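Residue-level structure breakdown
Okay, here's what each chain looks like letter by letter:
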Amino acid sequence: MKRILVTGACGLVGSDLVLALQSKFGSENIIALDLHDPPKEFQGRFEKMDVRDFEKLKSLILQYDIGQIFHLAGLLSAGSEKNPDMAWDVNLSGLKNVLDIAKDHNIRVFWPSSIGVYGETTPKILTPQHTSFEPNTMYGVTKVSGELLCQYYHHRYGVDVRSLRYPGLNGYKAMPGDGTTEYAIHIFYGLIRENRYECFLSADTRLPMMYMDDAIRGTLMLMDAPSEAITIRTSYNFTAISFTPAELVAEIRKISPDFKIIYKPDYRQKIADSWSQSIDDSQARKDWGWKEEYDLPKMTTALYEGIKERISNE
Ligand code: SER
């Protein structure tokens, strides 16, 4: 078989996706790529490089005879606000490099968009697939631009590029990073380490979320779907659950009744407030059968167990 490349392989999604792909297709067929060194427990093929280096990326893709790329390398919302120039460069130059190589070598591409595409003028409840996109973050600007680039490369050059607007994704195989939704992971580190957490969003900030196993399953479902089933070439609305920090805390208190939470909203509150509270992802459900398996209680238990084990191995 042709091999599969995952960029951003050490990130929150990449860490889970590489493992899932290795067990589905065999370790030797998966090439993990990242700018950073892999964690010591990583097993498999690994390449360290910057996706902005077109020539190096192209020769690696040809050398390994790559047939699919999961292009995850990119900056998240809060990180992009800290360094907008770099966010533009990494998020869009990296994507364009991948699309240019894909168009010449018949490679199927997955690229993650995000709830970051939504903005003040977007309906916040059950946000439709086709709606207004006026994000007020650099992250959102790169995601809207990236979606349009993907659709352009599909229509103009026939590139089989597929995309999901990821909600807040909650997993434990990598450390959470610079994302606004990632309070929902950090909170478990606070719970397990000191039974308290200082939350950078307010108690009632409702955001669309998903447990990582669902996200990985959905991503693979989309990539496995027959091309004619894919009716959206910008990016699919994609969601599972919506909850607030207060609702997550109520779940956590079933594990630890005296868990202490302090709300201290910072600059990330404005980012969260500009996003949707819930999403209509019926197109994904209709086109390729998307359906989540994790609700809030099930996600809470899974994250708690996973992060507890991770911390005990530190
Ligand atoms: N999880 C991302 C973030 O908060 C949104 O896609 O930046």
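Before reading further, recall that the structure is shown in the block above.
The paragraphs below set out a description of the structure included in this document. (Residues numbered from 1 in each chain as written. Predicted model: local features only at pLDDT ≥ 70, side-chain atom pairs only at ≥ 80, totals over all residues. Heavy atoms only, no water.)

1. Some details on the overall build of the protein
For clarity, the threshold we go by: Numbering goes from the N terminus for both helices and strands, where a helix is a DSSP run of H or I of at least four residues and a strand is a run of E of at least two. With the radius of gyration taken over C-alpha atoms, the globule rule is written as 2.2 Å times the number of residues to the power 0.38. Relative accessibility under 20% of the residue-type maximum defines a buried residue, over 50% an exposed one, and the middle range a partly exposed one, all with a 1.4 Å probe and only protein chains included. We call two residues in contact when some of their heavy atoms are within 4.5 Å. Only the protein chains shown count as covering a residue, and every accessible area follows the Shrake-Rupley method with a 1.4 Å probe. The sign given to each residue is positive for Lys and Arg and negative for Asp and Glu; His and the chain ends receive no count. Here the site of a charge means atom NZ of a Lys, CZ of an Arg, CG of an Asp or CD of a Glu.
When helices and strands are counted, the protein shows 11 helices and 12 strands. Scaling as 2.2 N^0.38, a compact globule of 314 residues should have a C-alpha radius of gyration of about 20 Å, and the protein matches this with 19 Å. Principal-axis analysis of the C-alpha atoms places the extent of the protein at approximately 55 × 45 × 40 Å. Here the protein, with 314 residues, has 55% of them falling under the buried criterion. Summarising the internal contacts of the protein: among those between residues at least 6 apart in sequence, 79% fall at separations of at least 24. When the accessible surface of the protein is summed, it comes to about 13,100 Å², and 51% of that surface belongs to carbon and sulfur atoms. When the 36 positive and 42 negative side-chain charges of the protein are each reduced to one mean point, those points stand 1 Å apart.

2. Topic: the sheet that holds strand β7 (residues 168–170)
For clarity, the threshold we go by: Here, a strand pair is defined by DSSP locating no fewer than two bridges between the strands. Between the N-to-C directions of two axes lies an angle of 0 to 180 degrees, each axis being a line fitted to C-alpha atoms and, for a helix, fitted only over the stretch in contact.
In space, the three strands of this open sheet follow the order β7-β9-β11, with mixed pairing throughout. Strands at the two margins of the open sheet, each flanked by one partner only, are β7 and β11 (241–243). The average angle at which neighbouring strand axes cross in this sheet is 40°, direction not considered. Two strands pair when backbone bridges link them, and strand β9 (residues 207–211) and β11 are joined in this way by three bridges, in the antiparallel orientation. Bridged to M209 within β11 is I241.

3. Some points on the pairing of strand β6 (residues 161–166)
To keep it simple, the criterion reads: Looking down the strands as they point away from you, a crossover is right-handed if its path from the first strand over the helix to the second goes clockwise.
Extensive coverage of β6 is indicated by the burial of six of its six residues. Where burial is concerned, the two faces of β6 agree: the one with V161, S163 and R165 and the one with R162, L164 and Y166 are both buried. Once you follow strand β5 (residues 108–114) into helix α5 (residues 138–157) and on to β6, the crossover reads as right-handed. Examined bridge by bridge, β6 and strand β10 (residues 236–237) share two bridges and lie parallel to one another. Each bridged residue has a counterpart across the sheet, and for R165 the counterpart in β10 is N237.

4. Quick notes on the site of the ligand
Stated formally: Only heavy atoms are used to decide nearness, and a residue is near a molecule or strand if one of them lies within 4 Å of it. We call two N or O atoms a polar contact when they sit within 3.5 Å, provided that within protein one can donate a hydrogen and the other can accept it, with sequence-adjacent residues counted only if both atoms are side-chain atoms. All residues other than Ala, Val, Leu, Ile, Met, Phe, Trp, Tyr, Cys, Pro, Asp, Glu, Lys and Arg, Gly among them, are scored as polar; the first ten of these are nonpolar and the last four charged.
Around the ligand, the neighbouring residues are L76, S77, S114, Y139, Y166, G179, T180, T181 and W275. Here S77 contributes a side-chain N or O atom positioned 2.5 Å from an oxygen atom of the ligand. In the model, an oxygen atom of the ligand is placed 2.7 Å from a nitrogen or oxygen of the T180 main chain. Here the ligand loses 95% of its free accessible area of 240 Å² to cover by the protein chains. Broken down by class, the residue content of the shell around the ligand amounts to four nonpolar, five polar and no charged.

5. Points about the environment of M49
By secondary structure assignment, the location of M49 is in the loop between β3 (45–48) and α2 (54–63). Residue classification places M49 among the buried positions, given a relative accessible area of 6%. In this view, M49 contacts L33, D34, L35, K56, L57 and L60; residues no more than four positions away in its chain are not counted.

6. With respect to the sheet that holds strand β2 (residues 30–34)
Within a beta sheet, neighbouring strands are joined by backbone hydrogen bonds and run either parallel or antiparallel to one another. Taken together, the seven strands give an open sheet; going across it, the order is β3-β2-β1-β4-β5-β6-β10, and neighbouring strands pair in parallel fashion. At either margin of the open sheet sits one strand with a lone partner, and together these are β3 and β10. Its contacts with the sheet put helix α4 (residues 84–105) on β4 (66–71), β5 and β6, and the angle it makes with β4 is roughly 165°. Set on the sheet, helix α7 (residues 212–224) makes contact with β4, β5, β6 and β10; between it and β6 the angle comes to about 155°.

7. A short note on the packing of α4 against α5
As a reminder of what qualifies: An angle below 35 degrees is read as roughly parallel, one above 145 as roughly antiparallel, one from 65 to 115 as roughly perpendicular, and any other as oblique. Each crossing gets its handedness from the near helix: less than a right angle anticlockwise from the far helix is left-handed, clockwise is right-handed.
As a packed pair, α4 and α5 sit with axes 10 Å apart at the nearest point and diverge in direction by 15°. Taken together, the axes of α4 and α5 lie roughly parallel to each other. Our pair here, α4 against α5, has a crossing hand that is right-handed. Facing α4, whose interface residues are P84, A87, W88, N91, L92, L95, K96, L99, D100 and K103, α5 presents M138, Y139, V141, T142, S145, G146, L149, C150, Y153 and Y157.

8. Points about the pattern of salt bridges
We count it as follows: One speaks of a salt bridge when a side-chain nitrogen belonging to Lys or Arg is within 4 Å of a carboxyl oxygen belonging to Asp or Glu.
All told, the structure shown has 23 salt bridges when counted by the stated rule. One salt bridge in this structure joins R162 and D160, with 2.9 Å as the shortest N-O distance. Residue class for R162 comes out buried when judged on its relative accessible area of 1%. On the basis of relative accessible area, D160 is assigned to the buried category, the value being 15%. D160 is the salt-bridge partner of R233, the closest N and O atoms lying 2.7 Å from each other. Here the residue R233 occupies a position in the loop between α7 and β10, and D160 occupies one in the loop between α5 and β6, the gap between them amounting to 73 residues. By the burial criterion, R233 is buried, and D160 matches it.

9. A closer look at the nonpolar core
Condition: The nonpolar core is taken to be a set of buried Ala, Val, Leu, Ile, Met, Phe, Trp, Tyr and Cys residues, with the residues joined through side-chain atoms within 4.5 Å.
The biggest cluster of nonpolar side chains holds 71 residues, and the ones touching the most others in it are Y183, L248 and W288. By size, the runner-up hydrophobic cluster in this structure holds 24 residues, among which are I31, I69, L95 and V109.

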